[in-house]
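So the chains spell out like this:
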Amino acid sequence: MTTRTPFLFLPQLILLLTTLVVFGIELVPGDERRRKDWLPAIALTGLGGAAMAIIFLWSRTTTPPAGSILAGMIVVDRFALFFQILAVTTTALVVLLSTDYMRDRTPDQGEFYGLLLIVCLAITLVVAAADLLMVYVGIELLSLTSYVLTGYLREDRKSTEAGIKYFLFGATASAAMLYGMSLFYGATRTTNLAAIATALSEAENSLRGLVIPAAVFLLAGFGFKIAAVPFHQWAPDAYEGAPTPITAFLSVGPKTAGFAVLVRVFLIALPNFYPDWMALLSSISIITMIVSNLVAIFQTNVKRMMAYSSISHAGYILIGIVCWGRGGFGGSFEGISGVLIYLLAYLFTNVGAFAVITAFEEATGSSRIEDYAGLVSRSPALAWAMLVFLFSLAGIPGTGGFIGKLYVFGAAIQARAYTLAVVGIITSVIAAFYYLNLLRYVFFQPPTENPKSITLSATAKITLIVTCVLTLAIGLYAQPFLQLAQASANLW
Amino acid sequence: MVLQAVFMLFSAMAVGAALAVVTNKNIFHSALFLVVALLGVAGLYVLLEAPFIAVVQVLIYVGAISTLILFAIMLTRRLMDASERQRNEQWFISAIVAVGLFIVLVLSVGQVHWPVVHTDVPENHLNRLGQDLMEHYVLPFEVTAVLLLAALVGAIVIARERTR
């Protein structure tokens, strides 16, 4: 069944329209205080509309369309739609987290939600991009807006520093990526991913010497987005300094977008060079898993620890891409659907963990691990929610994180990539150490001073319940989520 | 021969000025050298029979962006006693990495058989460019518009003076 072209852009149009409404509301005269309470509600409505449009498209999209859409700039396949759903869900949860956190921290409320919607729009475009030009423009839109959001709290030195660092590293990574794209364009005279693949296979081996360096340059850009070692240095500082809801966003939004682009570009444009980039990606994966988990142990700030934790998850997810296709699409553990289910579980788990961190910071103003001592007596709900999320991050059975790890490690074993599987499992055990260490503070350490109990706002409660339920649901009743991931794991 | 000499001239101009940008101690002088470097690149575009992009380079980079950088320097710091250290402790390692990268690139770019288009540049290529922007590349074009909006809003949020 084919859908007419304008409908394919329905989610993006809804998001753009909502953005303009949110920006415009700032201009309307009236009671400023009350108006600002409306902003998150409008943003959520727009995101809800976009989500419905995406689900509608997902249900209708089964076969590739006869003609290309808008000169092949965009491909609206189920893979893209799956990632669009992730982006919209993440943004909605982050809007919920931000309503309380940002209210008194910045006077520029409308711009905050508007920019957040633009980041979401950027991700929905990037994940569907089928042309290097579109990939680049989309990633730039995504990055520029993220830099601003990271440095949004101007009066806070750390936030400003985080924004500048993120910007400088990001600009360098983008430049490297663009240079790689220019090499591909020069060699193949096209920027379309599928056309690049055709041109490269026609040229046989005469371009081989160029493809590998160019792919490395591309990886610098994508690796920066997914925060894999050695492109990860920005992450701890940016995560620590950014407003906490934005940290939650950075750890999920750009990362999923980066993985979607990575998968599409490498699988569609460079399938003939699979052995080469497979070696590249698996070494990045191994370094990422080892370095991030070892460094994470020594962190004293929760946000920094979560930064290294999120870097390590990039390493695990890369395993799924490395093991693409090996062991066959018919196998029970297929790499790409492993990536999708991992990201789905990771989204709810990580945003949930940051919801706890945000609520804790709201109440105490601190994000040091020591200050989490005795959290269970101050707020049992927060403590138990944190238990669920940290168990899921550690990959303990019964949680979504376990299903994700099961599928990528399963894919590795099926593909006989035993090194990856072994390193993955060993580093998971190391990771459990620092996750459980935080839980030790939460449950077993006595609170240091004046243990006031923490009351949760309505939005915090909603976020916690949604993320908690879905983290457990993916772990306990995985079947529908697995089917969703498997149905979404084919690219055109 | 003449073309090659002109090419060498423009390349030397761009590379030499770029080196001056990153070694000069006075940041104002660095910004002025940046203008020279960008002009050199514009000259290369002319040689490549791409007059439109050469004009754009002069208008936007040489004209607008350099002026903006110069203004930013003039408004934020004293000019004459400026002596910035352009190196830090890691300059040696970075130099090794940069030289290594250069060698790898020269080797890989040099050994590749680049595809050659055996047709002339079309006469009215500016019309083609405009049409392509509105047809083939309309989506990236529109997304760039959103990008500009986001950048403007972001810049205002970060830089605007607050009256509270």
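Residues numbered from 1 in each chain as written. Chains lettered and ligands numbered in written order. Predicted model: local features only at pLDDT ≥ 70, side-chain atom pairs only at ≥ 80, totals over all residues.

**A short note on the overall build of chain A**
Logical step 1: The number of helices and strands found in chain A is 20 helices and zero strands.
Logical step 2: For 492 residues, the compact-globule formula gives about 23 Å, and the C-alpha radius of gyration of chain A, at 22 Å, lands near that figure.
Logical step 3: Residues counted as buried form 58% of the 492 residues belonging to chain A. (Helix = DSSP H or I, 4+ residues; strand = E, 2+ residues; numbered from the N terminus. Rg over C-alpha atoms; globule rule 2.2 N^0.38 Å. Buried ≥ 20, exposed ≤ 12 C-beta atoms within 10 Å, placed from the backbone.)

**Considerations on the nonpolar core**
Logical step 1: Core analysis: the largest hydrophobic core is formed by 196 residues, its most contacted members being L116, V126, Y342, L343, V356, L390 and A412 of chain A.
Logical step 2: Ranked by the residues each element gives to this core, the list is headed by helix α14 (residues 335–364) of chain A, at 19 residues.
Logical step 3: For L343 of chain A, the contacting residues outside a window of four places in its chain are L86, T256, F259 and I317 of chain A.
Logical step 4: One finds A17, L34, A37 and V41 of chain B within the second-largest nonpolar core, a separate group that totals seven residues. (Core = buried A, V, L, I, M, F, W, Y, C linked by C-beta atoms within 7 Å. Contact = placed C-beta atoms within 7 Å.)

**What to know about the packing of helix α6 (residues 132–150) of chain A against helix α6 (residues 138–159) of chain B**
Logical step 1: Relative to each other, α6 of chain A and α6 of chain B sit at 15 degrees, their axes nearing to 9 Å. Taken as axis vectors, α6 of chain A and α6 of chain B run roughly parallel relative to one another. Crossing of α6 of chain A against α6 of chain B: the hand is left-handed. On α6 of chain B, the residues touching L133, M134, V137, G138, E140, L141, L144, T145 and V148 of chain A of α6 of chain A are L139, P140, V143, T144, V146, L147, A150, A151, G154, V157 and I158 of chain B.
Logical step 2: When the residues that make up the contact of α6 of chain A with α6 of chain B are grouped by side-chain class, the tally is 15 nonpolar, four polar and one charged. (Axes fitted to C-alpha atoms, helices over the stretch in contact; angles between N-to-C directions. Parallel < 35°, antiparallel > 145°, perpendicular 65-115°, else oblique. Left-handed = near helix turned anticlockwise from the far one by under 90°. Nonpolar A, V, L, I, M, F, W, Y, C, P; charged D, E, K, R; others polar.)

**A word on the interface of chain A and chain B**
Note: interface size is frequently given as the accessible area lost on complex formation between the parts.
Logical step 1: Residue-level contacts link 33 residues of chain A with 25 residues of chain B.
Logical step 2: Of all the secondary structure elements, the ones that give two or more residues to the side of chain A that touches chain B are α2 (10–25), α5 (109–126), α6, α7 (157–188) and α9 (208–226) of chain A.
Logical step 3: With nine residues, the single largest contributor to the side of chain A that touches chain B is α6 of chain A.
Logical step 4: A class-by-class count of the residues in the side of chain A that touches chain B yields 21 nonpolar, seven polar and five charged.

**Comments concerning the environment of L464 of chain A**
Residue and element names in this part refer to chain A.
Logical step 1: Mapped onto the secondary structure, L464 falls in helix α19 (residues 458–476).
Logical step 2: For the pair L464 and L97, spaced 367 residues apart in sequence, the C-alpha separation works out to 9.6 Å.
Logical step 3: If we skip the residues at most four places from it in the chain, L464 touches G352, A355 and A385.

**Some thoughts on the confidence of the model for chain B**
Logical step 1: Looking at chain B as a whole, the pLDDT averages 87, with 95% of positions reaching at least 70.
Logical step 2: Reported for the predicted complex are a pTM of 0.93 and an ipTM of 0.90. (pLDDT = per-residue confidence, 0-100.)

**Structural notes on the confidence of the model for chain A**
Logical step 1: Per-residue confidence for chain A averages 89 on the pLDDT scale, and 94% of its residues sit at or above 70.
Logical step 2: Summarising per-element confidence for chain A, the mean pLDDT is lowest in helix α1 (residues 5–8) of chain A (76) and highest in α6 of chain A (95).

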